[in-house]
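# Tertiary structure, described
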Amino acid sequence: MSDTRPNPVVKRGGDIDYEAVGAAEGMSKGVLVSDADGAPNFAIRRFVLDAGASVPKHTNEVEHEQHVLSGRYVVGIEDEEHEVEAGDSIFIPAGVVHWYRNESDEEGAFLCAVPNGDDTIQVVDDE
């Protein structure tokens, strides 16, 4: 019988490439672990939200779990806004409208875990 387990992977923080997030000026994303690394089920990404930046209302086709690493910012989920800070965790079910706003003078950063596979992001009109 052959061993079909994925190979373990260790990636150093300095080796992660960050890119701007399309509809979110002032937000960047680095993929820490994903199916490209052989992870069969989930991806972990690190997002940075610059001071003064905001992300428009949107939905994702997949659920995501987040853990705030640094900073303090607002996460809007449906009709409520939540001020979050380092150590807080968030669960956003698939299809739920949410957004981000960093009103502070410091960047915020969070980890985000999502299932592997396609994810359609749809920006929601405020009208």
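Quick caveat: nothing in here was measured; it's all calculated off a predicted structure.

About the criteria used
Residues numbered from 1 in each chain as written. Predicted model: local features only at pLDDT ≥ 70, side-chain atom pairs only at ≥ 80, totals over all residues. Heavy atoms only, no water. Pairing = 2+ DSSP bridges. Helix = DSSP H or I, 4+ residues; strand = E, 2+ residues; numbered from the N terminus. Axes fitted to C-alpha atoms, helices over the stretch in contact; angles between N-to-C directions. UniProt positions renumbered as here; feature names shortened; annotations may be inferred. Core = buried A, V, L, I, M, F, W, Y, C linked by side-chain atoms within 4.5 Å. Buried < 20%, exposed > 50% of the residue type's maximum accessible area, 1.4 Å probe, protein only. Contact = heavy atoms within 4.5 Å. Patch = residues over 30% accessible without salt bridge, like charges linked within 9 Å, V, L, I, M, F, W, Y side chains within 5 Å. Areas by Shrake-Rupley, 256 points an atom, 1.4 Å probe, with all protein chains shown as cover. Salt bridge = Lys/Arg side-chain N within 4 Å of Asp/Glu carboxyl O. Lys, Arg positive; Asp, Glu negative; His and termini not counted. Charge placed at Lys NZ, Arg CZ, Asp CG, Glu CD.

With that settled, consider the pairing of strand β3 (residues 42–49). Bridging between strand β2 (residues 24–33) and β3 involves 6 bridges; their strand directions are antiparallel. Along β3, the bridge assignment pairs G30 with R46. The pairing of β3 with strand β10 (residues 108–115) spans 8 bridges and is antiparallel. Looking at the pairing, L49 lines up with G108 of β10.

Turning to the sheet that holds strand β11 (residues 121–123), a few remarks are in order. A sheet is described by the order of its strands in space; here 5 strands give the open sequence β7-β6-β9-β4-β11, paired in antiparallel fashion. In this open sheet, the two strands that pair with only one neighbour each are β7 (80–85) and β11. The average angle at which neighbouring strand axes cross in this sheet is 30°, direction not considered. Here strand β6 (residues 72–77) pairs with β7 via 6 bridges, running antiparallel. Across the sheet, Y73 pairs through a bridge with V84, a residue of β7.

Listed under "domain: Cupin type-2" (unreviewed entry) in the UniProt record, and renumbered for this structure, are residues 47–113. For residues 47–113, the helix share is 0%, the strand share is 64%, and the end-to-end C-alpha distance is 11 Å.

Below, the discussion takes up unusual backbone geometry. One non-glycine residue, E78, lies in the positive phi region at around 55°. Mapping E78 onto the fold places it in the loop between β6 and β7.

What follows covers the nonpolar core. In this structure, M27, L49, Y73, V75, I90, Y100 and F110 are the most contacted members of the largest nonpolar core, which totals 20 residues. Elements that contribute at least two residues to this core include exactly β2, β3, β6, β8 (89–92) and β10. Those residues in contact with Y73 that sit more than four places away from it in its chain are L49, V68, H82, E83, V84, Y100, R101, N102, G108, A109 and F110.

Looking now at a negative patch on the surface. Among the surface-exposed residues, D50, D105, E106 and E107 lie close enough to one another that they form a single negatively charged patch. One can find D105 in the loop between β9 (98–101) and β10. The class for D105 is exposed, based on a relative accessible area of 77%.

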